[in-house]
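Geometric and topological summary
Here is how the chains run, residue by residue.
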Amino acid sequence: MQTTTSIELVHFSEDYVEQLNSFELPEEQHQFTALPKEITIEKVGQYPIVILSNHVPVGFFVLHATDRVKEYSSNPQAMLLTALSIDHQQQGKGYAKKAMFALADFVKQEFKECNEVVLVVNHKNTAAQHLYAKVGFVDHGERRIGPIGEQIVMNLPL
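A quick note: this is a predicted structure, and the numbers were derived from the prediction, not measured. Per chain, the residues get numbers from 1 upward, laid out in the order the sequence is written. Restriction of local features to residues with pLDDT of at least 70 applies here, the model being predicted, together with a cutoff of 80 or more for giving and counting side-chain atom pairs; totals for whole chains, interfaces and linings are based on all residues. Side-chain measures here rest on the full set of heavy atoms in the structure, leaving out hydrogens and waters.

1. Regarding the overall build of the protein
Secondary structure follows DSSP: runs of H or I at least 4 residues long count as helices, runs of E at least 2 residues long count as strands, and numbering of each begins at the N terminus. A tally of helices and strands in the protein yields four helices and eight strands. Each helix (α) and strand (β) of the protein, taken in turn from the N terminus, gives the series β-β-α-α-β-β-β-α-β-α-β-β. Put simply, the radius of gyration uses C-alpha atoms, and a globule should come to 2.2 Å times the residue count raised to 0.38. Computed over the C-alpha atoms, the radius of gyration of the protein is 15 Å, within 12% of the 15 Å expected from 2.2 N^0.38 for a compact globule of 158 residues. Seen through its C-alpha atoms, the protein measures out along the principal axes to roughly 35 × 35 × 30 Å. A simple rule labels every residue: compare its accessible area, found with a 1.4 Å probe on the protein chains alone, to the largest value its type can have, and call it buried under 20%, exposed over 50%, or partly exposed in between. Taking all 158 residues of the protein together, the buried fraction comes to 49%. Of all intrachain contacts in the protein linking residues separated by at least 6 positions in sequence, the fraction that spans at least 24 positions is 61%. With the model as given, the accessible surface of the protein reaches about 8300 Å², and the carbon-plus-sulfur share is 49%. Where the 13 positive side-chain charges of the protein centre and where its 19 negative ones centre are 6 Å apart. The criterion used for residue contact is that any of the two residues' heavy atoms lie within 4.5 Å. Every accessible area reported is derived by Shrake-Rupley at a probe size of 1.4 Å, with residue values counting cover from the shown protein chains alone. Here the positive residues are Lys and Arg and the negative ones are Asp and Glu; neither His nor the chain ends is included. A charged residue contributes its charge at one atom only: NZ of Lys, CZ of Arg, CG of Asp or CD of Glu.

2. So, the packing of aromatic side chains
Aromatic rings considered in pairs are described by the distance between their centres and by the relative angle of their planes. Two aromatic rings from Phe, Tyr or Trp, using only the six-membered ring of Trp, form a pair when their centres are within 6.5 Å; if the ring planes differ by under 30 degrees the pair is stacked, by over 60 it is edge-to-face, and anything between is tilted. Enumeration over the complete set of coordinates arrives at two aromatic pairs. Taking the centre distance of 5.5 Å and the plane angle of 65 degrees together, the rings of Tyr 132 and Phe 137 count as edge-to-face. Residues Tyr 132 and Phe 137 agree in their burial class; the two are buried.

3. A word on the packing of helix 3 (residues 95-110) against helix 4 (residues 126-134)
Packing of helix 3 against helix 4 brings their axes to within 9 Å, and their N-to-C directions diverge by 40 degrees. As judged from the angle between their axes, helix 3 and helix 4 are oblique. Remark: the crossing between helix 3 and helix 4 carries right-handed chirality. Where helix 3 abuts helix 4, its residues Ala 96, Lys 97, Met 100 and Phe 101 lie against Leu 131, Tyr 132 and Lys 134. When residue character is reported, Ala, Val, Leu, Ile, Met, Phe, Trp, Tyr, Cys and Pro are called nonpolar, Asp, Glu, Lys and Arg charged, and the others, Gly included, polar. When grouped by side-chain class, the residues that make up the contact of helix 3 with helix 4 number five nonpolar, no polar and two charged. Each axis is a line fitted through C-alpha atoms, and for a helix only the stretch in contact is used; angles between axes span 0 to 180 degrees, taken between their N-to-C directions. Reported orientations rely on four angle classes, namely roughly parallel under 35 degrees, roughly antiparallel over 145, roughly perpendicular from 65 to 115, and oblique for the rest. Crossings are assigned a handedness: left-handed for a near helix turned anticlockwise from the far helix by less than a right angle, right-handed for a clockwise turn.

4. Section: helix 3
Of all the bends in helix 3, the largest measures some 40 degrees and sits at Leu 103. When we look at burial in helix 3, the residues that qualify are Tyr 95, Ala 96, Ala 99, Met 100, Ala 102, Leu 103, Ala 104, Phe 106 and Val 107. Each residue is assigned a bend, namely the angle between axes fitted to the seven residues that terminate at it and the seven residues that start at it.

5. Description of helix 4
Turning to helix 4, its buried residues number three or more, namely Ala 128, Gln 129, Leu 131 and Tyr 132. All buried residues of helix 4 fall inside an arc of 165 degrees around its axis, so they share one side. Of the exposed residues in helix 4, the ones pointing more than 90 degrees away from its buried face are Ala 127, His 130 and Lys 134. As for helix 4, its buried residues are in contact with strand 5 (78-86), helix 3, strand 6 (116-122) and strand 8 (149-157). Throughout, the arc means the angular range of directions from the helix axis out to the C-beta atoms.

6. Topic: the pattern of salt bridges
One side-chain nitrogen of Lys or Arg within 4 Å of one carboxyl oxygen of Asp or Glu is enough to make a salt bridge. Using the criterion set out here, one finds three salt bridges in the structure. Close ionic contact of Lys 70 with Asp 67 constitutes a salt bridge, the shortest N to O distance being 3.3 Å. In this structure, Lys 70 and Asp 67 share a single accessibility class: exposed.

7. Comments concerning the environment of Arg 68
Structurally, the position occupied by Arg 68 is in the loop between strand 4 (56-64) and strand 5. Distance from Arg 68 to Glu 116, taken between C-alpha atoms, is 14 Å for residues 48 residues apart in sequence.

Quick look at the structure:
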């Protein structure tokens, strides 16, 4: 468990289900990500992570160490980050930035074999692109076509 200024990244537990299921996003954000209640964890190697502030869930994402990572990185020690969301009522408080700054230390502690986190972000989602760049993710120019258009592949070396 990694802490930075009132933010904790913790592995999902049933204790958080009710709060996570109440998360909401405006449609302009929801088109780019999934709400926690829409995520199905069905494979070994999928790790749902809860972002807590004062022990209350404010955000969520999933780390993958499955074959899906190979779509975005040739590094066998890479993990894929998907489905980052901050509950609409909690947005604007810096939680996403603090959580992403805490990500490297959390991954190094919890997944010792991992040395890179990779993600894809829609080219229209400029707010997320700026966030990821600010916390150290790098765009090397690799692109994919996703369900709603071009996606930028970004990676964070650990």
